[in-house]
Amino acid sequence: INILKAHEFVRKELQIDVHVHETFRLLSVVSKLDLSPARLDLGKLAVLAKEEGLLKDCLSRTMEELTLPSAELDAFLRVHLSDLVGAGHRHVQERGRDVVLYGFGRIGRLVARLLIEKAGAGDKLNLRAVVVRCKTKQMDDLRKRVSLLSLDSVHGPFRGTIELDEEHCGFVANGVLVQMIYANRPSEVDYSKYGIHDALLIDNTGMWRDSKGLRQHLMLKGISKVLLTAPGSDIKNIVYGANEDMISPDDEIISAASCTTNAIVPILKLIDAEYGIESGHVETIHSYTNDQNLIDNYHDKERRGRSAPLNMVITETGAAKAAERALPQLKGKLTGSAVRVPTPTVSLAILCLNLNQAVDKESLNEFMRESSLYSPLQNQIGYSSSMEAVSSDFVGNRNTGIVDSLATTVFGNRVNLYVWYDNEFGYACQVVRVIQHMAEIAHPRYPKKSISASVSPSFARKERGKHARCRSEDAPQ
């Protein structure tokens, strides 16, 4: 289903027909090449191959014929994948990197799902253990936590197999044992006892947000670096795609910032580079979180004690200030506030910006669309042109921010951008990207050549003409 949806996305957004037979034909040739690890965008390769006339007659061929060798496609791929062909496995690490989750709440469980999903795909991140405080009898606690990983009311069931392993006090996910370690504080754990070495620890608890508190993890055998899944006070706050170049090999503790910061910073970075930002305000319509109360009860923060599922709650956000930390050129230019609303996930950031130049809605939206497809931030920025899009449509979206193009408003140099984001899953994806960077296992993306810059105008017009005729033929008579 996901493969068919990807083909539909290319047809809709690029207005270029790429059939599953054509990508299968290309994939059959790719599979015969000796490639080093990388991320291949098969759709982009197919569009480039189509322009060169290399995927003709695929629709009329049998599946057996589609797997036959092709000297033309082989030569085409060797040009676009020249850095990879014949390189074998020279970039593959001899041994994977151990990962430990400290805390197993909403973000921790989604990060676990992503790490398990990627296991065996060449990422070499091995989820070895989860550290939690015991809430009840140990085996009862283990069963409950594994059940929460397996079934989720918002994100659905785990895609794979999970089995309890009571003998080893852990669980087996897709055939891999993950140890459950019970401890009330970091000092109680000896990771080397479980064969864990040189591990990256992801602290999901939010109990410590400064280097002093988080350094407790580094005092233990088996842990070499720590990533905080919350804004940090005196440590580097990283938004992957925007400022990960700040990470140095010597950094032992860093933060993955907040979900809202990850949603807005990539877009702010692009807008500022293209048009310049004079000033702005970030208003966040944020889903309620576990920090709020189900019914009215005491809370340390103002208004947060009121019932989350029954109220919209005005509250504060540090996203604007955090954005300034990630993008120092915006220091003193942004303000921010938030409203918590009765939805379980997917939030909406409204970027009200005053630019250094006037712009029109069409060109601004086209810039964001092109950026979502071709820029280095394409994993972070998504683009929606649906007239019926609502928040639930973006549950499980791996982009950190999706621009709702139909909601964009422009008046001279004043613009309002509406940005959807799954504040749970989209953020968890960013956490995994940061940990991949820390482990130095991020794979290069291919093809390097951008479709936007490489597809000839005549080919693009021809494809758009096909779609125009299709729409005309499909119109009611």
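Note on numbering: residues in each chain are counted from 1, in written sequence order. Side-chain atom pairs in this predicted model are given and counted only at pLDDT of 80 or more, local residue features only at pLDDT of at least 70, and totals for whole chains, interfaces and linings cover all residues. Values reported for side chains reflect all heavy atoms of the structure, with hydrogen atoms and water molecules removed beforehand.

How do you make sense of helix α9 (residues 259–274) when you look at a structure like this?
An α-helix turns once per 3.6 residues; consequently, residues spaced three or four apart project the same way. For the purposes of this entry, the term helix denotes a DSSP run of H or I that reaches at least four residues, the term strand denotes a run of E that reaches at least two, and both are numbered from the N terminus. The span expected for a helix works out to 1.5 Å for each residue beyond the first. Relative to the 22 Å expected for 16 residues at 1.5 Å per residue, α9 spans 24 Å between its end C-alpha atoms, a close match to the ideal helical length. At Val265, α9 shows its maximal bend, which comes to roughly 25 degrees, and the proline Pro266 appears one to four places after that position. α9 sits mainly inside the fold: 13 of its 16 residues count as buried. With its phi angle positive at about 85 degrees, Gly276 sits one or two positions after the end of α9. Fitting axes to the seven residues that end at a residue and to the seven that start at it, the angle between those axes gives the bend at that residue. Summary of the burial criterion: residues with accessible area below 20% of their type's maximum are buried, those above 50% are exposed, and those between are partly exposed, where the area comes from a 1.4 Å probe applied to protein chains only.

Which parts of the structure should I look at to understand the sheet that holds strand β3 (residues 125–132)?
Strand pairing in a sheet relies on backbone hydrogen bonds. The paired strands run either parallel or antiparallel. At least two DSSP bridges between two strands are needed for those strands to be called paired. The strand order across the open sheet built from 9 strands is β4-β5-β6-β3-β2-β7-β8-β10-β9, with neighbouring strands paired in mixed fashion. Edge positions in the sheet fall to β4 (162–165) and β9 (236–237), since each of these pairs with one other strand and no more. As judged from the 4 bridges shared by β3 and strand β6 (residues 176–182), these two strands associate in the parallel manner. Following the sheet pairing, Ala129 is matched in β6 by Gln179. Only heavy atoms matter for contacts: two residues are in contact if any of them lie within 4.5 Å across the pair. Axes here refer to lines fitted to C-alpha atoms; in helices the fit is confined to the stretch in contact. Angles between the N-to-C directions go from 0 to 180 degrees. Each of β2 (97–102), β7 (199–203), β8 (223–228) and β10 (253–255) touches helix α8 (residues 211–218); the most contacted strand, β8, lies at about 140 degrees to it.

What is the right way to look at the state of the cysteines in this model?
Simply put, disulfide is the name for a covalent bond between the sulfur atoms of two cysteines. Note on disulfides: each one is a pair of cysteine sulfur atoms within 2.5 Å. For the coordinates displayed, the defined rule picks out 0 disulfides. Its sulfur unpaired, Cys259 is 13 Å from the next cysteine sulfur, which belongs to Cys429. Given the relative accessible area of 18%, Cys259 is considered buried.

Help me understand the pattern of salt bridges in this model?
Between side chains of opposite charge, a pair can form as their charged atoms come close. A pair is scored as a salt bridge if a Lys or Arg side-chain nitrogen falls within 4 Å of a carboxyl oxygen belonging to Asp or Glu. Under the defined criterion, the tally for this structure stands at 19 salt bridges. Its salt-bridge partner being Arg145, residue Asp141 comes within 2.6 Å of it at the nearest N-O pair. Here Asp141 pairs with Arg145, and both are found in helix α7 (residues 138–150), just 4 residues apart, close to one helical turn. Across the pair, Arg145 and Asp141 agree in class, each one buried. One salt bridge in this structure joins Arg306 and Asp296, with 3.1 Å as the shortest N-O distance.

What's the story with the side chain of Ser405 in this structure? I'm lost.
Within the secondary structure, Ser405 is located in the loop between β16 (401–404) and β17 (409–411). Here the side chain of Ser405 touches Ser384 through a polar contact of 2.7 Å, landing on its backbone oxygen. Residues within four places of Ser405 in sequence aside, it is in contact with Lys361, Asn365, Tyr383, Ser384 and Ser385. We call two N or O atoms a polar contact when they sit within 3.5 Å, provided that within protein one can donate a hydrogen and the other can accept it, with sequence-adjacent residues counted only if both atoms are side-chain atoms.

Nothing here speaks to function; it is geometry throughout.
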